[in-house]
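As a plain string of letters, each chain reads:
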Amino acid sequence: FGRDFYTHGSALVLNDYVDAISYTTQSGKFDVALNAIYDRAGTVAGVDFRQIWNLNLDTKVQGHDVYLGYYTQNYDKDLNRNFMEIGSKGALTKNGHFDYELGFVMSNSEYPAPTTDMEGTLIHAAVKWESKEEWAAKVAYTSGDDEYLNGLALDLNQRSYDYVETPFEDIPAMGYGDMQNADLVKVQAEYRPINSKHYFRLAYDMYAQDSDVAKAIVKDEANIMTFEYRYQLAENTRIRAGYATLDGDEASKNIDDDRLFVEVYSRF
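Parameters and conventions
Residues numbered from 1 in each chain as written. Predicted model: local features only at pLDDT ≥ 70, side-chain atom pairs only at ≥ 80, totals over all residues. Heavy atoms only, no water. Helix = DSSP H or I, 4+ residues; strand = E, 2+ residues; numbered from the N terminus. Buried < 20%, exposed > 50% of the residue type's maximum accessible area, 1.4 Å probe, protein only. Contact = heavy atoms within 4.5 Å. Pairing = 2+ DSSP bridges. Phe/Tyr/Trp six-rings, centres within 6.5 Å; stacked < 30°, edge-to-face > 60°. Salt bridge = Lys/Arg side-chain N within 4 Å of Asp/Glu carboxyl O. Patch = residues over 30% accessible without salt bridge, like charges linked within 9 Å, V, L, I, M, F, W, Y side chains within 5 Å. Areas by Shrake-Rupley, 256 points an atom, 1.4 Å probe, with all protein chains shown as cover. Core = buried A, V, L, I, M, F, W, Y, C linked by side-chain atoms within 4.5 Å.

A. Quick look at the overall build of the protein. Counting its secondary structure elements, the protein contains zero helices and 15 strands. Residue burial in the protein is summarised as follows: out of 268 residues, 40% are buried. For the protein, restricting intrachain contacts to residue pairs at least 6 apart in sequence, the fraction spanning at least 24 positions comes to 49%.

This is the structure in structure tokens:
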């Protein structure tokens, strides 16, 4: 009971600190989690609080991790949000060097008439390679259709704090992250020597979104490159520094953007 970091599956729907009551158990071959998540709804439909109910099921099928997560939230009469995320993760080869990740989300948002209900889907696929010693690489593709609305609570950059890696982690700082009618291709390489205080990461994200502006389709494209270096200064403290650059087209939120970042992260 209380505030904790919650995520599930490929972190496509929920990936954030939330206040919740959580009950977990094991039923046969399934790990079961039931979460009642507190959510402030702001001024939507004139209410301040609407509970999110979440059921997670996890199991193993021939060595593969298979999961299902269902989320439902009722705001008011004929005003509801529902998400279902299913997927799997596991090894592609017996030597353990190649892994895969598949995720699929179905979203349904119901609104009072005359507003049109939204029924959308999001797909995510990734292939990862690890040398088991120092090097790792990944190629990923994520795509949402024209009726997909973003998940419930997504803090897109928790990986730098030792939590999960999300498909969108390098693009929100540049003003992106909305996957409605959008495609994202990610290519990433890591150098992480064993028993070393050093860590290096290079990522390249290709983002494209079609937006309907005044009944005219506007295509927004951007290429974002991120270089990150970490140094473990002490057991609970590290320095993180890097450089990110955005090369966007004329419709981009930022046509060109270059950023340097330095931070000291400590955990107590």
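On we go.
B. A look at the side chain of S107. Within the fold, S107 resides in strand β7 (residues 98–110). Beyond its immediate sequence surroundings of up to four residues, S107 is in contact with N82, F83, M118, E119, G120, E147, Y148 and L149.

C. View of the environment of L14. Looking at the element boundaries, L14 is found in strand β2 (residues 14–27). Through-space distance from the C-alpha of L14 to that of N150 is 9.9 Å; in sequence the pair is 136 residues apart.

D. Highlighting the pairing of β2. Where strand β1 (residues 2–7) lies against β2, six bridges are found, and the strand directions are antiparallel. By the bridge assignment for β2, T7 is matched with N15. Connecting β1 to the antiparallel partner β2 that follows it, the hairpin turn spans six residues, and G9 within it adopts a positive phi of roughly 65°. When β2 meets strand β3 (residues 30–37), the two strands line up antiparallel, connected through eight bridges. The partner of S22 across the bridge, within β3, is N35.

E. Inspection of the packing of aromatic side chains at higher detail. In total, this model carries six aromatic pairs according to the counting rule given. Taken together, a centroid distance of 5.0 Å and an interplanar angle of 40° make the contact between F200 and Y229 tilted. Here Y229 lies in strand β13 (residues 216–234) and F200 lies in strand β12 (residues 198–213), a separation of 29 residues in the sequence. Clustering of aromatic rings is evident, with ring pairs tying together W135, Y191, F200, F227 and Y229.

F. Quick look at the pattern of salt bridges. Applying the stated rule across the entire model yields 15 salt bridges. Note that R201 and D170 form a salt bridge whose closest N and O atoms lie 2.9 Å from each other. Highlighted residues: R201 in strand β12 and D170 in the loop between β10 (153–154) and β11 (182–191), separated in sequence by 31 residues. D170 matches R201 in its accessibility class, with the two residues each being buried. One salt bridge in this structure joins E228 and R230, with 2.6 Å as the shortest N-O distance. Of the two residues, E228 and R230, both sit in the buried class.

G. Quick look at a nonpolar patch on the surface. Judged by side-chain polarity, V139, V187, L202, Y204, M206, M225, F227, Y243 and L260 come together as a nonpolar surface patch covering roughly 790 Å² of accessible area. Those elements that provide at least two residues to the nonpolar patch are β12 and β13. With three residues, the top contributor of residues to the nonpolar patch is β12.

H. The arrangement of the environment of T237 in detail. Here T237 lies in strand β14 (residues 237–248). When the C-alpha positions of T237 and V264 are compared, they lie 7.1 Å apart, and in sequence the two are 27 residues distant. What T237 contacts, discounting residues up to four positions off in sequence, is Q232, V264, Y265 and S266.

I. Inspection of the nonpolar core at higher detail. Core analysis: the largest hydrophobic core is formed by 26 residues, its most contacted members being Y176 and M179. Those elements that place two or more of their residues in this core are β2, β11, β13 and β14. If one sorts the elements of this core by residue count, β2 sits on top with three residues.

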